[in-house]
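Each chain is listed here by its residues.
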Amino acid sequence: MRFDVRDGAYGKAVYAAERIPAGTLIAPFTGPFLRYAETNADTYALQIGPDLYIGESGDVDDLFNHSCDPNAWVKIQGRTVELRALRDILPGEQICFDYSTIMDEDDFTMKCACGSPHCRGTIRDGRLLPDEVWNRYVALGILPDYVKESRARGSR
């Protein structure tokens, strides 16, 4: 898979250099595994379980940005974590996933500036997604079990 990494309005971003069909593996996440206690506000890490994260790898997987209207999603199977195309992605299109789909932390929010007409304004825990978005993501099968379980409980 070929990518273009370019500077954008909010730092580096990854763009498709070729058409990526829906369902295609875009990139694995390859950083070190961390526990919540090993992270802080300055740690770049993706949550992949109730107390499990993948930290920075120093590779392209660190550079995929958020969008409230994503074209990719994070598939988690145990400790195997992959970014996959949610729909066909065209050359030149920025590759983004919805950070909220993997978040269940209760103590992290981030202002969203994705620019999508569907922008929610804030990136926060998946269990807090609006019902319409939640139901669409459930139908697409892109929410990990720990996020679905958190919503079913109502909170942690």
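Everything below is about the structure printed above this text.
Residue positions are given per chain, counting from 1 as you read along its sequence in written order. The predicted nature of this model means local features are confined to residues of pLDDT at least 70 and side-chain atom pairs, given and counted, to a pLDDT of 80 or more, with totals for whole chains, interfaces and linings taken over all residues. The side-chain values count all of the structure's non-hydrogen atoms but skip hydrogen atoms and water molecules.

**Section: empty space enclosed by the protein**
Moving on, step 1. Here a cavity denotes grid points, spaced 1 Å and computed from the protein atoms alone, that fit a 1.4 Å probe unable to get out, and a pocket denotes an open set having protein on both sides within 12 Å along at least 5 of 7 lines; residues with an atom within 4 Å of a point are the lining. Grid points are joined across faces, edges and corners, and a volume is the space filled by probe spheres set on the points. In this structure the tally under the stated criterion is one cavity of 30 Å³ or more.
Moving on, step 2. Estimates place the volume of the largest cavity at around 40 Å³.
Moving on, step 3. Classifying every residue of the lining of the largest cavity gives four nonpolar, one polar and two charged. Polar here means any residue outside two lists: the nonpolar Ala, Val, Leu, Ile, Met, Phe, Trp, Tyr, Cys and Pro, and the charged Asp, Glu, Lys and Arg; Gly therefore counts as polar.

**Concerning the layout of surface pockets**
Moving on, step 1. Roughly 980 Å³ of internal volume is contained in the largest pocket.
Moving on, step 2. Lining of the largest pocket is provided by 39 residues; of these, Y44, Y99, F108, M110 and I123 occupy positions nearest its centre.
Moving on, step 3. Those elements that provide at least two residues to the lining of the largest pocket are β2 (11-16), β5 (45-49), β7 (65-66), β10 (96-97) and β11 (110-111).
Moving on, step 4. Among the elements that make up the lining of the largest pocket, the one with the highest residue count is β2 (four residues). Elements are defined by DSSP. Helices are runs of H or I of four residues or more, strands are runs of E of two residues or more, and each kind is numbered from the N terminus.

**Quick word on helix α1 (residues 131-140)**
Moving on, step 1. Burial in α1 covers these residues: V133, W134 and Y137. For α1, the arc enclosing every buried residue in end-on projection is 100 degrees, short of the 170-degree limit, so these residues lie on one face. The exposed set on the far side of α1, more than 90 degrees from its buried face, consists of D131, E132 and A139.
Moving on, step 2. Should any heavy atoms of two residues lie within 4.5 Å, those residues are considered in contact. Where the residues of α1 are buried, they touch α2 (145-153).
Moving on, step 3. Of the residues flanking the end of α1, it is G141, one or two places downstream, whose phi is positive at about 75 degrees. When a residue's accessible area, from a 1.4 Å probe over protein chains only, is under 20% of the maximum for its type it is buried; when over 50% it is exposed; and in between it is partly exposed. The arc in question is traced by the directions running from the helix axis to the C-beta atoms.

**Some details on the sheet that holds strand β6 (residues 52-55)**
Pairing between the strands of a sheet comes from backbone hydrogen bonds, and it takes one of two forms, parallel or antiparallel.
Moving on, step 1. Being paired, for any two strands, means DSSP has found at least two bridges between them. One open sheet holds the three strands; their spatial order is β4-β6-β5, and the pairing between them is antiparallel. Each edge of the open sheet carries a strand with a single partner, namely β4 (33-34) and β5.

**Brief notes about the environment of L52**
Moving on, step 1. Within the fold, L52 resides in strand β6.
Moving on, step 2. On the basis of relative accessibility, which here comes to 13%, the residue L52 falls in the buried class.
Moving on, step 3. In the structure, L52 is positioned 18 residues away from L34 in sequence and 5.9 Å away in space, judged by C-alpha atoms.
Moving on, step 4. Residues contacting L52, with those up to four places away along its chain left out, are F33, L34, R35, L46, Q47 and R79.

Without other data, these values stay purely geometric and don't point to any function.
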